[in-house]
Amino acid sequence: MEKALNEGVRHAAPDDVWSGSWVAERLGVELVGDDRLTGLLGLALRRNPKRAHLLVSNVLGKHVPQSPAVVHGHGVELGRRVRELLGPDEARRAVVLGYAETATGLGHSVADGLGLAPYLHSTRRPVAGVARAGGFEESHSHATSHLLLPEDPALLAGDGPLVLVDDEFSTGNTVLNTVRDLHQRYPRRRYVVVALVDTRSAADASRLADFAGEIGARIDLVTAAQGTVRLPEGVLEKGQELVARYEAESAASGDRSSAASSWPVAPRGGAAYRHSPAPPDDGVAVEAAQEAGPSGARGTARPAPTGPQPDDDGTHPHVTRIHLGWPCGLPDGGRHGFTPAHRERLEAALPGMAARLSEALPQNARRVHILGFEELMYAPLRLAEELERTADAEVSYSTTTRSPVLAVDDPGYAIRTRLVFPAHDEPADGPGERYAYNVAGAGFDAVVAVVDSVADTPLLHAPDGLLARLAAHTPQVLLAVVPSYVPEPPHAPGRPSMLPEPLRGPAFSSYAPEEVGWLLQDLSDVTLEAPTEEREEAIQSGGAHYAESLPMEYQPSGQYQELFHAALQESAARIAQAVGVVTETVLAERSPRPVLVSLARAGTPVGILMRRWARHRHGLDLPHYAVSIVRGRGIDANALRWLARHHDPRDVVFVDGWTGKGAITRELAQALQEFEKSDGVTGFDPEIAVLADPGSCVRTYGTREDFLVPSACLNSTVSGLVSRTVLRADLVGPHDFHGAKFYRELAADDVSVTFLDAVSDRFPEVADAACAQAKELLAGDRSPTWEGWAAVERVSEEYGIHDVNLVKPGVGETTRVLLRRVPWKVLARAGAGSDLDHVRLLAGQRGVPVEEVDGLPYTCVGLIHPRYTRGATGADGKAVTV
């Protein structure tokens, strides 16, 4: 980190040209202060009636291409300094607020360095349905209004320190406006102002100190460098005249190619541009398209587009779209808040997303540029940093901007070239020009444009849009779209008062309508299946969550179907007794008239059997529903809302087929805690009732033996022809149930009712034994020992997997591995008998070794291939050469 920071701020050597010298010589502007200032900053001129000059940061990642590690590293280092300043107790209570658009990524990075602080940045994009928590004005900016739109209104309401982050602290007006607005609403004792550079005058510094005294709060300042910008008399007018003259000369010359001229770039240096021959006319290189503008609104004809023209489908021949696999529900940035939990999810997903980027790049790409989009700075920055860390290429990073700046192709000027294109995110302030600086002519082999989905509009793909402008200056343009996050306001008035009624057979599932109501939405018409190997690679790389797609439905061979029927005949009575035991336990201990809620889909056949037992033995007609729960995402909150409106939550009993290592048990408990906090609904019991508990994870079970439950042998054809559940942001909205598919086309192979009838037909012969066993269990100690979890951790380490999610214990989970995932091997308890016949058959069909192991607490354990990539067979994820 220290090396990267030093590299990013090195002072220009004597033979270098400072990228502020062109402006300094012509306007008499002086930048004086710390030795680091000229390494951190250059100067440019802009079309702005309030300020002529622009301080151009070399380490911010906005106007100047820079190493992403340098950009992120500067913010992280500032965050660490804030943490030291505050101390651990205050740091844990802090909230970080960054300024749009320039400092959104810097603020994120400061929050990373601070550690446990949530992050929010101001925005200039109103979002429908999200209430303002505040706003303020930036007096010198070209776009002044800032909105604060946190998803959680309480984010700014605490009394911990508020850390305000901007790229430069020039007058202090923006900070004063912010604190004045927020302090009236949410007063607090302490503020910390963070900036890369502090160039305030002594009078401005005194004004902030006086203001702190007025409100009775402490305001600290943390910066990377300090200094002063000395402006001579009349600099604003002189600067405006200079900009107007150079733009007029450029337009008169008709120079349309200057932005594409080749010029050397050293994107990692503080003095980023070294000596290069200056072009004629004093080095002016302004993109001529700026004169007409993207809309042709200045009375001149729109210039003919340059670069490749779009095909009939609106795409460009040199533009490749990349599917990043952005995690479902993860915010694209801090516009509505970004918590430490969000940060953890992003960190886990970055390697997979960067791998997808790397695979899409041309093989000969040695200089790659990641171009972010206005306020969307952090997501592309972190993608670029991960790509820089792993790819065999030089990676740089910058973002597009609203700020209009004069471009001059001179080594002493900070903005060498610019691309002009129309705004493509339908901004609230209407159409206008947008800019990408120092990208044209930089010699990049590929440019990856990263935008959010709101900005993925026809204007982005238009002949004069950003992608076309980029395609004219680089051999390969790639487009990566991050889903725009729009929060659901708590207790939103727009939330439907009535959720849909449960789906029932025969319209959805092959079960009789009274057997189960599915609190799901029907996605039968959506193609969700993906080849097993592609799914496994995407899941393990972090590119996709397992609930975002479905595996291809396994079609059993004749031999396998014979095994299923033989296993069912042999085990039906044993299953029937376990059903009786768990149902009697529930009726005696949990509720005399329980509402059975199965965890779809493995829990659904068990819930139906429990319902049948209650009717057979006690004449009860119990309600039964199936809901979705997703590891890592929790239970369907809308399903819980529906249940709470129609039943007493205290009567709800969650049902599953079996336990493995207990991951879903823990998931349910955590999800119900979060639901209680978000909705204020109490009474749901997180204890799951299961048919078999070989992992010793629950108190309510039919047996703790690990034996074959035939409903685990197949997929949808033994589960009412219903798929496992799906949770994907583009299919499941905030007011929707999770989704699933009904495979009507597999009706000829359906054995769902056959399985249920075979088991329930044995109820009479096992009833007495089941009731006696239930009484015995109720009188004994049923406390979970979690020995299964301990065993899984041991197996994970002994076999060099180091990921318990890839270890699936028990007959049921092992079967799932063989049916749906990419298996590596199966561990079988020495001497295991017919319970594993179907496992051995499946393993043989897929070429998976079965190893017998002494002392295994489960009958078998399935190991998913660790670090899987297509063609891999070894534990290290590499192909084994025999």
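A few points on the structure.

Rules of the game
- Residues numbered from 1 in each chain as written.
- Predicted model: local features only at pLDDT ≥ 70, side-chain atom pairs only at ≥ 80, totals over all residues.
- Heavy atoms only, no water.
- Helix = DSSP H or I, 4+ residues; strand = E, 2+ residues; numbered from the N terminus.
- Contact = heavy atoms within 4.5 Å.
- Areas by Shrake-Rupley, 256 points an atom, 1.4 Å probe, with all protein chains shown as cover.
- Pairing = 2+ DSSP bridges.
- Axes fitted to C-alpha atoms, helices over the stretch in contact; angles between N-to-C directions.
- Buried < 20%, exposed > 50% of the residue type's maximum accessible area, 1.4 Å probe, protein only.
- Arc of directions from axis to C-beta.
- Salt bridge = Lys/Arg side-chain N within 4 Å of Asp/Glu carboxyl O.

1. Overview of the overall build of the protein
Next, step 1: Per the secondary structure count, the protein includes 22 helices and 32 strands.
Next, step 2: Considering only intrachain contacts with a sequence separation of at least 6, the fraction spanning at least 24 residues in the protein is 78%.
Next, step 3: Accessible area of the protein: about 33000 Å², with a carbon and sulfur share of 51%.

2. Brief notes about the sheet that holds strand β30 (residues 823-829)
Next, step 1: Judged by pairing direction, the sheet is mixed, and its 4 strands sit side by side in the order β29-β32-β30-β31 without closing on themselves. Two strands in the sheet have a free side with no partner beyond their single neighbour: β29 (807-809) and β31 (850-853). Strand after strand, the sheet turns through a mean of 25° between neighbouring axes, direction not considered.
Next, step 2: Pairing analysis gives 3 bridges linking β29 to strand β32 (residues 860-864), with the strands arranged antiparallel. Paired with lysine 808 across the two strands is glycine 862, which belongs to β32.
Next, step 3: Across the sheet, helix α21 (residues 811-820) is in contact with β29, β30 and β32; its angle to β32 comes to roughly 30°.

3. Quick notes on helix α18 (residues 752-760)
Next, step 1: When we look at burial in α18, the residues that qualify are Ser752, Phe755, Leu756, Val759 and Ser760. Down the axis of α18, the buried set is contained in an arc of 120°. They therefore lie on one face.
Next, step 2: For α18, the secondary structure elements touched by its buried residues are α14 (558-589), α15 (603-618) and α19 (763-779).

4. Section: the pattern of salt bridges
Next, step 1: According to the stated counting rule, one finds 42 salt bridges in the structure shown.
Next, step 2: Glutamate 374 is paired through a salt bridge with arginine 434; the nearest N and O atoms lie 2.9 Å apart. Taken together, the residues glutamate 374 in the loop between β12 (367-372) and α11 (378-390) and arginine 434 in strand β15 (residues 433-437) connect sequence positions 60 residues apart. Summarising the burial analysis for this pair, glutamate 374 and arginine 434 share the class buried.

5. Quick look at the sheet that holds strand β10 (residues 218-230)
Next, step 1: The 6 strands lie next to each other as β1-β10-β9-β8-β4-β5, forming an open sheet whose pairing is mixed. Across the chains shown, the open sheet's two edge strands, defined by having one partner strand only, are β1 (30-33) and β5 (119-121). Neighbouring strand axes in the sheet, compared pairwise and without regard to direction, differ in orientation by 30° on average.
Next, step 2: Here β1 pairs with β10 via 4 bridges, running antiparallel. Residue pairing for β10: glutamate 30 is matched across the bridge by arginine 230.
Next, step 3: Lying on the sheet, helix α4 (residues 68-92) is in contact with β8 (162-169), β9 (190-198) and β10; it crosses β9 at an angle near 160°.
Next, step 4: Packed on one face of the sheet, helix α6 (residues 173-185) meets β4 (95-98), β8 and β9 and runs near 160° to β8.

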